[in-house]
Amino acid sequence: MTKVLFVISAADRWTLRDGAVHPSGFWAEEVAEPHRIFSEAGWDITVATPGGVAPTLDRLSLGIAGGTPWKRRAISRHLDSISEQLNHPQPLAEVDEDEYDLVFYPGGHGPMEDLAYDETSGALLSRRLASGKPLALLCHAPAALLAAKNPDGSWPFAGYRMTGLSNTEEKLNRFARNAEWFLEDRLRENGADYTKAALPLRPYVVSDRNLHTGQNPQSSERLATQLVEQLSSPSR
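Just so it is clear, the structure is predicted and the values come from calculations on it, not from any experiment.

**Focus: the environment of Gly 214**
Structurally, Gly 214 is set in strand β11 (residues 211–214). Overall, Gly 214 belongs to the buried group, its relative accessible area being 0%. For the pair Gly 214 and Ala 224, spaced 10 residues apart in the sequence, the C-alpha separation amounts to 9.3 Å. Leaving out residues up to four positions away in the same chain, Gly 214 has contacts with Leu 137, Leu 138, Cys 139, Thr 163, Gly 164, Tyr 204, Val 205, Ser 219 and Leu 223.

What follows is the structure, given as structure tokens:
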């Protein structure tokens, strides 16, 4: 059975440039849709967070920003169905990523607060990249890559093609215009070969070697489906 390590931010806020605290956490669709697709494929999923803290749902993700009413209801139902798993995650420091066929990070603004600076997560991501085994991050989750470092202090992901939430999409959130930094900018500054869809809020997925990234919540289904197809391929 294919095993997935599903790493979710433990943050319940996002601290902005002026010190203001915006309630945040994980984005509903980015957890629910990949989890559903992986589950329907018969995969075994382990949820982990920094410190084993139960992750916080960003309530905005089940509001109008989360899509049509029917879509939000379906997402909410799936999150309710896995509430036991979400409420009792494994501590990230206690998992061995080498035991998993896929390591997957969903987004929301939470990773901008904790995973972008988390040394345990950064070390895990560095090892995973070097292993050649599949690694996938969605929307804001590529912020977690910023905590990864080589022994010489360089960035392991420099030169990799990737995507993540664009500056244009970030600025659609009025409060986010007060952000200390934008993900697109920071990935480029660190040496990523960042690309994005021609238009905002459109599904867009980039794969480079064993690294797979999705740009935004709208990319959740496409990224998860492509991962299932890849890992289910007889030639793998």
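**Concerning the pattern of salt bridges**
Taken as a whole, this structure holds 10 salt bridges when the rule is applied. For Glu 184, the salt bridge is made with Lys 196, and the minimal N-O distance between the two is 3.4 Å. Of this pair, Glu 184 sits in helix α7 (residues 183–189) while Lys 196 is found in the loop between β9 (193–194) and β10 (205–208), placing the two residues 12 residues apart along the sequence. What makes Lys 196 partly exposed here is its relative accessible area of 35%. Connected via shared salt-bridge partners are Glu 33, Arg 36 and Glu 40.

**Some thoughts on the side chain of Asp 118**
Tracing the backbone through its elements, the reader meets Asp 118 in the loop between α4 (110–113) and α5 (119–131). One buried charge, Asp 118, has no salt-bridge partner; the nearest side chain with opposite charge is Arg 127, at 9.7 Å. Those residues in contact with Asp 118, other than ones at most four positions away along the chain, are Pro 50 and Ala 147.

**Quick look at α5**
Here α5 is 13 residues long and its end C-alpha atoms lie 18 Å apart, about the 18 Å a rise of 1.5 Å per residue gives. Turning to α5, its buried residues number three or more, namely Ser 121, Gly 122, Leu 124, Leu 125, Ser 126, Arg 128 and Leu 129. Against β1 (3–7), β6 (102–105) and β7 (135–138) lie the buried residues of α5. Measuring from the backbone nitrogen of Thr 120 back to the side-chain oxygen at the start of α5 gives 3.0 Å, which picks out Asp 118 as the cap. Gly 132, located one to two residues past α5, shows a positive phi value of around 85 degrees.

**Observations regarding the nonpolar core**
Among the nonpolar cores identified, the biggest contains 37 residues, and Tyr 105, Leu 125, Leu 137, Trp 155, Phe 157 and Met 162 are the most heavily contacted of them. Mapped onto this core, the elements with two or more residues apiece are β1, β6, α5, β7 and α7. The element best represented in this core is α5, accounting for three residues. Not counting residues within four places of it along the chain, the set of residues in contact with Met 162 comprises Leu 145, Trp 155, Phe 157, Leu 187, Ala 192, Asp 193, Tyr 194, Thr 195, Val 206, Leu 211 and Thr 213.

**What to know about the environment of Ser 220**
If you trace the backbone, Ser 220 turns up in helix α8 (residues 220–232). Distance in space between the C-alpha atoms of Ser 220 and Gly 153 is 32 Å, their sequence separation being 67 residues. Residues within four places of Ser 220 in sequence aside, it is in contact with Glu 29, Glu 30, Glu 33, Pro 34 and Leu 138. In this structure the side chain of Ser 220 is engaged in a polar contact, spanning 2.7 Å, whose partner is the backbone oxygen of Pro 217.

Quick notes on the rules
Residues numbered from 1 in each chain as written. Predicted model: local features only at pLDDT ≥ 70, side-chain atom pairs only at ≥ 80, totals over all residues. Heavy atoms only, no water. Helix = DSSP H or I, 4+ residues; strand = E, 2+ residues; numbered from the N terminus. Buried < 20%, exposed > 50% of the residue type's maximum accessible area, 1.4 Å probe, protein only. Contact = heavy atoms within 4.5 Å. Salt bridge = Lys/Arg side-chain N within 4 Å of Asp/Glu carboxyl O. Lys, Arg positive; Asp, Glu negative; His and termini not counted. Expected span 1.5 Å × (residues − 1). Polar contact = N/O pair within 3.5 Å; in protein donor to acceptor, adjacent residues only side chain to side chain. Core = buried A, V, L, I, M, F, W, Y, C linked by side-chain atoms within 4.5 Å.

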